[in-house]
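Given next are the chains, with one letter for each unit.
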There are 2 protein chains.
Amino acid sequence: HSRLPHYATHQVGVAGAVLDVHTGKVLVVQDRNKTRNAWKFPGGLSEPGEDIGNTAVREVFEETGIKSEFKSLLSIRQQHRHPGAFGKSDMYIICRMEPSSFKISLCQQECLRCEWMDLAELAKTSDTTPITSSIARLLLYGYREGFDKIDLTMREFPSVYTGLFYKLYHRELPENYRNMTG
Amino acid sequence: HSRLPHYATHQVGVAGAVLDVHTGKVLVVQDRNKTRNAWKFPGGLSEPGEDIGNTAVREVFEETGIKSEFKSLLSIRQQHRHPGAFGKSDMYIICRMEPSSFKISLCQQECLRCEWMDLAELAKTSDTTPITSSIARLLLYGYREGFDKIDLTMREFPSVYTGLFYKLYHRELPENYRNMTG
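If you're wondering where the values come from, they're calculated on a predicted model, not measured in any experiment.

Q: For the overall build of chain A, give the residues involved together with the corresponding values.
A: When helices and strands are tallied, chain A shows four helices and eight strands. The secondary structure elements of chain A, listed N-terminal to C-terminal, are β-β-β-α-β-β-β-α-α-β-β-α. Its C-alpha atoms give chain A a radius of gyration of 18 Å, within 12% of the compact-globule value 16 Å for 182 residues. Principal-axis analysis of the C-alpha atoms places the extent of chain A at approximately 50 × 45 × 25 Å. Expressed as a percentage of the 182 residues in chain A, the buried residues total 57%. A separation of at least 24 residues holds for 62% of the contacts in chain A among residues at least 6 apart in sequence. Carbon together with sulfur atoms contributes 50% to the accessible area of chain A, which is approximately 8100 Å² in total.

Q: Break down the environment of leucine 27 of chain B for me, citing the residues and quoting the values.
A: All names here are of chain B. Relative to the helices and strands, leucine 27 is located in strand E2 (residues 25-31). Accessibility expressed as a relative area gives 0% for leucine 27, which makes it buried. On a C-alpha basis, the gap between leucine 27 and valine 60 in space is 9.0 Å, while along the polypeptide they are 33 residues apart. Not counting residues up to four positions away in its chain, the partners in contact with leucine 27 are Val18, Lys40, Phe41, Pro42, Val60, Thr64, Ile66, Ile104, Cys114, Glu115 and Trp116.

Q: Give a detailed account of the interface of chain B and chain A, specifying residues and quantitative values.
A: Between chain B and chain A, the contact holds 75 residues from the first and 76 residues from the second. When chain B packs against chain A, the two sides together hide about 6700 Å² of surface, and 61% of this comes from carbon and sulfur. At the junction of chain B with chain A, the criterion picks out zero salt bridges. Here chain B and chain A share 27 residue pairs in polar contact (both at pLDDT 80 or more) between them. Among the elements that make up the side of chain B that touches chain A, the one with the highest residue count is helix H3 (residues 130-145) of chain B (ten residues). In the side of chain B that touches chain A, the residues fall into 33 nonpolar, 20 polar and 22 charged.

Q: Can you tell me about the relation of the copies chain B and chain A, naming the residues and giving the values?
A: Here chain B sits on chain A after a turn of 180 degrees about the axis and a move of 0.0 Å along it, with an RMSD of 0.0 Å. These values place the two chain copies in the arrangement generated by a two-fold rotation axis.

Q: Residues and numbers for the packing of aromatic side chains, please.
A: Two numbers describe a pair of aromatic rings. These are the distance of the centres and the angle of the planes. For the structure on display, the rule yields eight aromatic pairs over all chains. Summarising the aromatic geometry, the rings of phenylalanine 102 of chain A and tryptophan 116 of chain A are spaced 6.1 Å apart at their centres and angled 40 degrees between planes, so their arrangement reads as tilted. With phenylalanine 102 of chain A in the loop between strand E5 (89-99) and strand E6 (111-118) and tryptophan 116 of chain A in strand E6, this pair connects stretches of sequence that are 14 residues apart. Its end group placed over the ring of tyrosine 166 of chain A, arginine 77 of chain B keeps NZ or CZ at 5.2 Å from the ring centre. Arginine 96 of chain B extends its terminal NZ or CZ atom over the ring of phenylalanine 147 of chain B, reaching a point 3.8 Å from the ring centre.

Q: So what about the pattern of salt bridges? Which residues, and what values?
A: Here the structure, examined in full by the defined rule, presents 22 salt bridges over all chains. In this structure, glutamate 50 of chain B engages arginine 58 of chain B in a salt bridge whose closest nitrogen and oxygen atoms are separated by 2.7 Å. In this structure arginine 58 of chain B comes out as buried when scored by relative accessible area, which is 17%. For arginine 178 of chain B, the salt bridge identified is with glutamate 172 of chain B, shortest N-O distance 3.7 Å. Within this structure, Glu47, Glu50, Arg58, Glu59 and Glu62 of chain A form a network of salt bridges that share partners.

Q: Lay out helix H1 (residues 52-64) of chain B in plain terms, naming residues and giving numbers.
A: Under the 1.5 Å per step criterion, the end-to-end length of H1 of chain B is 18 Å for 13 residues, consistent within 8% with the ideal 18 Å. Of the residues one or two after H1 of chain B, glycine 65 of chain B is the one with positive phi, at around 80 degrees.

Q: Now, about the pairing of E2 of chain B: what can you tell me, with residues and values included?
A: Residues and elements named next belong to chain B. E2 sits mainly inside the fold: five of its seven residues count as buried. Pairing analysis gives two bridges linking strand E1 (residues 10-20) to E2, with the strands arranged antiparallel. Pairing of leucine 19 across the sheet is with valine 26, part of E2. Hairpin geometry of E1 and E2 is characterised by an intervening segment of four residues between the two adjacent antiparallel strands and by a positive phi of about 75 degrees at glycine 24.

Q: Could you give an account of H3 of chain B, naming the residues involved and the relevant values?
A: It helps to recall that an α-helix has 3.6 residues per turn; residues three or four apart then point in one direction. Residues and elements named next belong to chain B. Taking 1.5 Å of rise per residue, the 16 residues of H3 would be expected to cover 22 Å, and the 23 Å separating its terminal C-alpha atoms lies within 8% of that figure. H3 sits mainly inside the fold: twelve of its 16 residues count as buried. For H3, the full list of buried residues reads Ile131, Thr132, Ser133, Ser134, Ile135, Ala136, Arg137, Leu138, Leu139, Leu140, Tyr141 and Gly142. One or two steps after H3, the chain reaches glycine 146, where phi turns positive at roughly 115 degrees.

Reading the values: rules and limits
- Residues numbered from 1 in each chain as written.
- Chains lettered and ligands numbered in written order.
- Predicted model: local features only at pLDDT ≥ 70, side-chain atom pairs only at ≥ 80, totals over all residues.
- Heavy atoms only, no water.
- Helix = DSSP H or I, 4+ residues; strand = E, 2+ residues; numbered from the N terminus.
- Rg over C-alpha atoms; globule rule 2.2 N^0.38 Å.
- Buried < 20%, exposed > 50% of the residue type's maximum accessible area, 1.4 Å probe, protein only.
- Contact = heavy atoms within 4.5 Å.
- Areas by Shrake-Rupley, 256 points an atom, 1.4 Å probe, with all protein chains shown as cover.
- Buried area = accessible area lost by both parts, 1.4 Å probe.
- Salt bridge = Lys/Arg side-chain N within 4 Å of Asp/Glu carboxyl O.
- Polar contact = N/O pair within 3.5 Å; in protein donor to acceptor, adjacent residues only side chain to side chain.
- Nonpolar A, V, L, I, M, F, W, Y, C, P; charged D, E, K, R; others polar.
- Least-squares fit on C-alpha atoms with pLDDT ≥ 70 in both.
- Phe/Tyr/Trp six-rings, centres within 6.5 Å; stacked < 30°, edge-to-face > 60°.
- Lys NZ or Arg CZ within 6 Å of the ring centre and 35° of its normal.
- Expected span 1.5 Å × (residues − 1).
- Pairing = 2+ DSSP bridges.

This is the structure:
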């Protein structure tokens, strides 16, 4: 076991799966710089010191002009030797978001297309990436049978070291387990 | 939106909650270099290119001599300005593990104590950290009512870029959603 200091090994990317629960439509984009016309959730890299949910809100807004609110964390992907990551590893997180505005204003530099797509259609189309397809199916499952089936919810804890708060994401715990005491 | 290259911003720490389902006991350690006598799950920082589950297996073994197998991902914590992280951010992941050996062989350099503790006792004790206590309660919930209630399971996907596989962690998806096709 190495006792030497460790340095940062990962970049963190965050995407927002913004679902309008009233229409069942989800916000999807196509990147300008990719060859395949694959629908994806809008997202991008975390800035230093930025919380996961804030990255999702910022990136969704920058790419699509849609305002949204963080609801839960849905998935984590770890990938090594990602070509965009300069030999570092990549942690890619997808969040469930709720929109608070609906009029798309596309970032032309990054995106070729952007639309509100029927979630059931995204779950079935082949014009997407494997990970987007998987998470679309997961989101559809949650939309139909309850988001509690798919969500990792967030709780804040005070940090003894920094005086700041940190955020912990895991499955919701029933009341009787949460309030367990000695 | 910045178009400049991004560099690694996070270190990734992984701990293993190793539960012996036959006895209901979980493997806990006390660090040598911390002031409070707080029971924690064994763990440490990921090496470059190392998968989350492999870090958990390696760190559990190095600290305690216990061999274990990765079962699922339980929680993610993001923390900024962590004092051990040299100004970078820290992603700390706890995995559910199953032991395949049981005789503790303590790493004296890092650990003061190590034992198999009753999971219900860990969930109630004040001699622990808030995050360990939370995850002990979550694990107890899963142990009593089914691990499917708490697990993020892992699936592998081929990466089009690297020719390697990447790992995606999310809630288990029912068969009928998984096999959905156009």
